[in-house]
Amino acid sequence: MLLFGRLADVAGWRERDIPASSLADLRGRIAAEDPTLFEALQAPAVRTAVDQEMVTLDVSLQPGSEVAFLPPMSGG
Amino acid sequence: MTQAPFDPGLALGEFCRDRRETGAVASFTGLARAEAGQTTLLELEAYPGFTEREIGRHEAAAVARFGLQDVLIIHRTGPIPPGEAIVFVATAAPHRRAAFEGCDFLMDYLKSRAPFWKKETGPDGARWIEPTDRDRDDLARWETQ
């Protein structure tokens, strides 16, 4: 699981291995462990990528899947 | 993407070299602003692999939409002090309108949709920058045309 921008500040980490069988399972584990981070991840502006592809619904995860939570983006 | 400072003038010179069928090159350079001392450092974070791919998709869209011959995008990541270049975009086309518009389109995309996260540090601490309404309006111009 990867966190970017302000989400990494909320969590205090940016990369961790977490056992989870699906995105919903992963969110549940986060909710149990860090409700503040869980709430930050639920914000509508936060997008989710699994193995570097954007997803909008729940998806199952394989061993080694990379889940990234992306807060509002700003470059330039 | 690069963590090291780059010279936008040098990049533009190289981009213009050996072009016999290009009538127009437009370029944009974005610099880190000091905001009257309120910003002492900008930090740009990317998602390596994903960020390059997403930029590549929009570059291809710009090439198709405006009939560009070539595009160069350089984007800094990591800590960037005021006065240094953050981003450089150059577009090449047979005529100027396509070059201008392609460059404008790519910059609007980079400002508010490309996978970068920007943190501003100043005397009062650090804060994450999110796209402004103005940035979103700028991007929306391309959706209605």
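Residues numbered from 1 in each chain as written. Chains lettered and ligands numbered in written order. Predicted model: local features only at pLDDT ≥ 70, side-chain atom pairs only at ≥ 80, totals over all residues. Heavy atoms only, no water.

Colleague: Please set out the packing of helix 2 (residues 50-66) of chain B against helix 3 (residues 96-112) of chain B residue by residue, giving values where relevant.
Modeller: All names here are of chain B. One can describe the packing of helix 2 onto helix 3 by two numbers: an axis separation of 10 Å at closest approach and a directional angle of 155°. With respect to helix 3, the element helix 2 is oriented roughly antiparallel. The handedness of the crossing between helix 2 and helix 3 comes out as right-handed. Along the contact surface, helix 2 presents E54, I55, H58, E59, A62, R65 and F66, while helix 3 presents A98, E101, G102, F105, L106, Y109 and L110. Its residues placed into classes, the contact of helix 2 with helix 3 shows eight nonpolar, two polar and four charged. (Axes fitted to C-alpha atoms, helices over the stretch in contact; angles between N-to-C directions. Helix = DSSP H or I, 4+ residues; strand = E, 2+ residues; numbered from the N terminus. Parallel < 35°, antiparallel > 145°, perpendicular 65-115°, else oblique. Left-handed = near helix turned anticlockwise from the far one by under 90°. Contact = heavy atoms within 4.5 Å. Nonpolar A, V, L, I, M, F, W, Y, C, P; charged D, E, K, R; others polar.)

Colleague: Any details on the pairing of strand 4 (residues 67-70) of chain A? Residues and values, ideally.
Modeller: Residues and elements named next belong to chain A. Neither face of strand 4 is left uncovered, since the one carrying V67 and F69 and the one carrying A68 and L70 both have all their residues buried. Summarising the sheet, strand 1 (residues 2-3) and strand 4 pair through two bridges and their orientation is parallel. Within the sheet, the bridge partner assigned to L2 lies in strand 4 and is A68. Of the strand pairs in this sheet, strand 2 (residues 47-50) and strand 4 are connected by four bridges, and their pairing is antiparallel. Bridge pairing in strand 4 places A49 opposite A68. (Buried < 20%, exposed > 50% of the residue type's maximum accessible area, 1.4 Å probe, protein only. Pairing = 2+ DSSP bridges.)

Colleague: Any chance you could break down the packing of aromatic side chains for me, citing the residues and the numbers?
Modeller: What the rule picks out here adds up to six aromatic pairs over all chains. Relative to B:Y47, the ring of A:F4 lies with its centre 4.7 Å away and its plane at 35°, an arrangement referred to as tilted. Pair noted here: A:F4 is in the loop between strand 1 and helix 1 (6-11) and B:Y47 is in the loop between strand 2 (41-46) and helix 2, and the two residues belong to different chains. B:Y47 carries the same exposure label as A:F4, and that label is buried. (Phe/Tyr/Trp six-rings, centres within 6.5 Å; stacked < 30°, edge-to-face > 60°.)

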